[in-house]
Amino acid sequence: MKVIFLGSPGAGKGTQAAVLRERYGLAHISTGDILRENVRNGTTLGKTAREYMDSGRLVPDEVIIAMMEERLQKPDCQKGFILDGFPRTVPQAEALDALLDRMGISLDGVILFEVPGDLVLDRLTGRRVCGKCGEIYNVHFKKTKVPGVCDLCGGELVQRDDDREEIVIKRLEVYEEQTAPLIRYYEDKGQLVRVDAGQEGELVVAAIERAVGQ
Ligand code: AMP
């Protein structure tokens, strides 16, 4: 399975990618996760990316494209991959097409996560992430047994800096302006499959599996 997950922040791409990664042993490649790790480790990439991320803007295309060229060559991608949060602009999509061509890889589909706007806001501002294992929770929709503590590993839950409401609003604007044009881009190439991502998680997973013929 080689797929792109497309959809606004808070559409549930990361949550469903984690389920499918487990089920099929895929590489789950989240550009946001890679960038956050670089910020935590204080790398040159992290230092460049941080100011963009903190203000809800996109990191420049050339930085992201170079990062992904390297990531997609790693051996764990051979069994299949989910691209979560990449591409996010038309130039990124064009660079990805060229790279996959060079590598002789064809995509099984581009899944568009469709979800109502008010649900997205609650998902983002309510999202909490385990600082230790990365499991995703939500104070409205997916509570932990003990508030603030991860059910899986006992780690402390944190809110991403960019999940604060004022930054979330900026991220949603950036999505509409820079990423939503990719819907048309992949529709024109006949690769887009729309999935109702407002429904219950297992149903979303089943719809994705059907879309890619699993
Ligand atoms: P995410 O976790 O996917 O919501 O990404 C968090 C932040 O990382 C975004 O708001 C951007 O600043 C940055 N980012 C992630 N993926 C990309 C990308 N493909 N292109 C540019 N910036 C990105």
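Residues numbered from 1 in each chain as written. Predicted model: local features only at pLDDT ≥ 70, side-chain atom pairs only at ≥ 80, totals over all residues. Heavy atoms only, no water.

Here we come to the overall build of the protein. Looking only at helices and strands, one finds nine helices and eight strands in the protein. On C-alpha atoms alone, the protein measures out to a radius of gyration of 17 Å, which is about the 17 Å that the 2.2 N^0.38 rule sets for 214 residues. Along the longest, intermediate and shortest principal axes, the C-alpha atoms of the protein span 50 × 40 × 35 Å. Carbon and sulfur atoms provide 49% of the accessible area of the protein, an area that totals close to 10,800 Å². Put simply, the protein has 29 plus and 35 minus side-chain charges, and the middle of one group is 4 Å from the middle of the other. (Helix = DSSP H or I, 4+ residues; strand = E, 2+ residues; numbered from the N terminus. Rg over C-alpha atoms; globule rule 2.2 N^0.38 Å. Areas by Shrake-Rupley, 256 points an atom, 1.4 Å probe, with all protein chains shown as cover. Lys, Arg positive; Asp, Glu negative; His and termini not counted. Charge placed at Lys NZ, Arg CZ, Asp CG, Glu CD.)

With that settled, consider the packing of aromatic side chains. Throughout the structure, instances matching the rule amount to two aromatic pairs. Taken together, a centroid distance of 4.8 Å and an interplanar angle of 55° make the contact between phenylalanine 5 and phenylalanine 113 tilted. With phenylalanine 5 in strand β1 (residues 2-6) and phenylalanine 113 in strand β4 (residues 109-114), this pair connects stretches of sequence that are 108 residues apart. Each ring, one from tyrosine 185 and one from tyrosine 186, has its centre 5.0 Å from the other, and the planes form 85°; the classification is edge-to-face. For lysine 142, the ring lying beneath its charged end belongs to tyrosine 137, and the centroid distance is 5.0 Å. (Phe/Tyr/Trp six-rings, centres within 6.5 Å; stacked < 30°, edge-to-face > 60°. Lys NZ or Arg CZ within 6 Å of the ring centre and 35° of its normal.)

By nearness alone, 16 residues border the ligand, and Thr31, Arg36, Arg57, Gly85 and Gln92 come closest of all. At 2.8 Å, a side-chain N or O of threonine 31 approaches a nitrogen atom of the ligand. Side-chain polar atom of arginine 160 to an oxygen atom of the ligand: 3.2 Å apart, as the coordinates give it. Relative to its unbound accessible area of 480 Å², the ligand is 95% covered by the protein chains. With four residues, the top contributor of residues to the shell around the ligand is helix α2 (residues 31-41). Of the residues contributing to the shell around the ligand, the split by class is six nonpolar, four polar and six charged. (Near = heavy atom within 4 Å. Polar contact = N/O pair within 3.5 Å; in protein donor to acceptor, adjacent residues only side chain to side chain. Nonpolar A, V, L, I, M, F, W, Y, C, P; charged D, E, K, R; others polar.)

We now examine the pairing of strand β2 (residues 27-30). Burial along β2 is two-sided: Ala27 and Ile29 and His28 and Ser30, pointing in opposite directions, are all buried. Judged from the four bridges that link them, β2 and strand β3 (residues 81-84) form a sheet pairing that is parallel. Within β3, the position partnered with isoleucine 29 by the bridge is leucine 83. (Buried < 20%, exposed > 50% of the residue type's maximum accessible area, 1.4 Å probe, protein only. Pairing = 2+ DSSP bridges.)

Here the focus is the sheet that holds strand β8 (residues 192-196). Spatially, β2-β3-β1-β4-β8 is the arrangement adopted by the five strands of the open sheet, whose pairing is parallel. Each end of this open sheet is capped by a strand with a single partner; those strands are β2 and β8. Within the sheet, the average angular offset between the axes of one strand and its neighbour, ignoring direction, is 25°. Alignment of β4 against β8, held across five bridges, turns out to be parallel. By the bridge assignment for β8, valine 110 is matched with leucine 192. (Axes fitted to C-alpha atoms, helices over the stretch in contact; angles between N-to-C directions.)

Further remarks concern the environment of valine 3. With respect to the helices and strands, the residue valine 3 is situated in strand β1. Separated by 193 residues in the primary sequence, valine 3 and aspartate 196 place their C-alpha atoms 17 Å from one another. Ignoring any residue separated from it by four or fewer positions in sequence, one finds valine 3 in contact with Phe81, Ile82, Leu83, Asp108, Gly109 and Val212. (Contact = heavy atoms within 4.5 Å.)

Before going further, it helps to spend a moment on the packing of α2 against helix α4 (residues 61-72). At their nearest, the axes of α2 and α4 sit 12 Å apart, and the two run at 100° to each other. The pairing of α2 with α4 is recorded here as roughly perpendicular in orientation. Judged by residue contacts, Thr31, Ile34 and Leu35 of α2 engage Ile64, Met67, Met68 and Arg71 from α4. (Parallel < 35°, antiparallel > 145°, perpendicular 65-115°, else oblique.)

Fair warning: the whole summary comes from geometry, so function is off the table for now.
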